[in-house]
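Examining the three-dimensional arrangement
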Amino acid sequence: MADKARVRVEATRFLSFFEAQGAFVVEADVLQPAETLLDLYGEDIRARAFVTHDPDLGEMMLRPDFTVPVVQMHMAEGAEPARYAYMGEVFRAQDEARHRASEYFQVGYEVFDRAAPIEADAEVFALLKEVLAPLNLRAATGDMGLLLAAVRGLRTTERRKAALLRHIWRPRRFRALLDRFAGRAPLPDGRAQLLAADDPFDADTPHIGLRSPSEIAERVVALREDAVATPISAQEVELLDDLLGLRETTANVLEHLRDIAVDMPAIAAAVDRLEARAEALERRGVDVARLDFEGSYGRTSMEYYDGFVFGFYSETRPDLPPVATGGRYDALTRVLGNQNGDRRDIPAVGGVIRPELTLELTGEAGQ
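Here is what the cut-offs are and how they apply
Residues numbered from 1 in each chain as written. Predicted model: local features only at pLDDT ≥ 70, side-chain atom pairs only at ≥ 80, totals over all residues. Heavy atoms only, no water. Buried < 20%, exposed > 50% of the residue type's maximum accessible area, 1.4 Å probe, protein only. Helix = DSSP H or I, 4+ residues; strand = E, 2+ residues; numbered from the N terminus. Arc of directions from axis to C-beta. Phe/Tyr/Trp six-rings, centres within 6.5 Å; stacked < 30°, edge-to-face > 60°. Lys NZ or Arg CZ within 6 Å of the ring centre and 35° of its normal. Salt bridge = Lys/Arg side-chain N within 4 Å of Asp/Glu carboxyl O. Pairing = 2+ DSSP bridges. Axes fitted to C-alpha atoms, helices over the stretch in contact; angles between N-to-C directions. Contact = heavy atoms within 4.5 Å.

Bringing helix α7 (residues 171-181) into the picture now. Taken together, the buried positions of α7 are occupied by F174, L177, L178, R180 and F181. Seen from one end, α7 has its buried residues packed into an arc of 165°, which puts them on one side. Of the residues one or two after α7, G183 is the one with positive phi, at around 80°.

If you walk through the whole model with that rule in mind, you get 13 aromatic pairs. For the ring pair F17 and F18, a centre distance of 5.6 Å and an interplane angle of 65° mean the geometry is edge-to-face. An identical accessibility class is assigned to F17 and F18; each is buried. With centroids separated by 5.1 Å and ring planes inclined at 20°, the aromatic side chains of F18 and Y109 adopt a geometry described as stacked. Taken as a pair, F18 in helix α1 (residues 4-20) and Y109 in strand β6 (residues 103-112) lie far apart in primary sequence, 91 residues in all. The exposure classification of F18 matches that of Y109, with both residues buried. Among the aromatic residues, those joined into a ring-pair cluster are Y84, F112, Y304, Y305 and Y329. Residue placement shows R13 over the ring face of F14; its charged tip is 4.5 Å from the ring centre. In this structure, R354 packs its charged tip against the face of Y104, placed 3.6 Å from the ring centre.

Here we take up the pattern of salt bridges. Counted under the stated rule, the structure contains 22 salt bridges. Across the pair R138 and E294 runs a salt bridge whose closest N-O atoms are separated by 3.7 Å. Of the two residues, R138 sits in strand β7 (residues 138-143) while E294 sits in strand β9 (residues 292-294), which places them 156 residues apart along the sequence. Ionic contacts of the salt-bridge type, sharing partners, join the residues D121, D143, R277, R328 and D330 into one network.

Now for the pairing of strand β10 (residues 308-313). Looking along a regular strand, one sees the side chains alternate between the two faces of the sheet. Judged by how many residues are buried, β10 sits mostly within the fold: 5 of 6 residues are covered. As judged from the 6 bridges shared by β7 and β10, these two strands associate in the antiparallel manner. Note on β10: the bridge partner recorded for T141 is F310.

Here we have 3 strands laid out as an open sheet, ordered β2-β4-β3, and antiparallel in their pairing. Sheet topology places β2 (31-33) and β3 (51-54) at the edges, where each strand pairs with a single neighbour. Adjacent strand axes in the sheet meet at a mean angle of 45°, parallel and antiparallel pairs treated alike. As defined by bridge partners, β3 adjoins strand β4 (residues 58-62) across 4 bridges and the pair is classed as antiparallel. Following the sheet pairing, H53 is matched in β4 by E59.

The strand order across the open sheet built from 9 strands is β1-β5-β6-β12-β11-β10-β7-β9-β8, with neighbouring strands paired in mixed fashion. The open sheet terminates on both sides in strands that have one partner only, identified here as β1 (24-25) and β8 (247-249). Sheet topology places strand β11 (residues 324-328) next to strand β12 (residues 348-353); 5 bridges connect them, and they run antiparallel. Across the sheet, R328 pairs through a bridge with V349, a residue of β12. Against the sheet, helix α3 (residues 67-77) touches β5 (82-91) and β6, its axis set at about 35° to β6. Here helix α14 (residues 355-362) sits on the sheet and contacts β6 and β12; the angle it forms with β6, its principal contact strand, is near 115°.

Encoded structure:
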């Protein structure tokens, strides 16, 4: 474990770099209102966050990252375009990976730019690549926008598409739903019996649970409608699998994506954006002929990424988590901008570096 004082010095070095690029340095409270995060991500966030209760403020969380408070800050008082930088501890519970730290530093750079979002993507990626260049890290990229567009374009019910979109960031649950909606998997245990019953409430059992009888009845109606819906076609499932399985360089993947878009036109606009981004990256000196692209990249990250996603990894230390990650989160600004009925949103992209990992890789963590 890196010494905290050294980590802070390393974090300050990165923060100074971002400030020199024109970023405004901001602070964020360590304690964040739990209600905001729960509204955004649902109860799943509880498994990854430290929750406490304040007698005056109510339920609070130790900040799991900086993005949400920075977006809220910008929506409240920020000018456009805007660039922000920050540093400090974040806190994540690690039940499934006990060897990983539950408290660690992040240094971040965020860009809010309505006029040139593609250029902003390239800017954030290129700056992180530049400041991390001495470490010779492998960069991986993806685009959640491609998968989101593909799901929205499926020839199936809106309810099924909503379910798939909700679980895009949970690959196993997404696969189970896709197989069921395609007729490749049986109904869950007990559901066939429930749907076959003339009256699901005609049973000698007490009513237990938070859902009211009317809510249960609505759910049964929805399940019956889903049971008779036409399965998602084998061709569409194959196209989705092809998209998810892509592992190419950015230069090579575009031709493959154009081929997929012929049969899945819903992704055409996302492919256009990827091509424009590749050109913007090249203008900033990034060799896209050697830049890795993965169709599934970003699906296990924070759930607010909805476009370009990326990470930097040490190939000599595969035991370490990514040294830096980032991505586009336009939908998050839309949700937070509409919380008070303001109907405000702005395209946004950012990235974070973990300074204790850069120290680990340079051998200076405990010196």
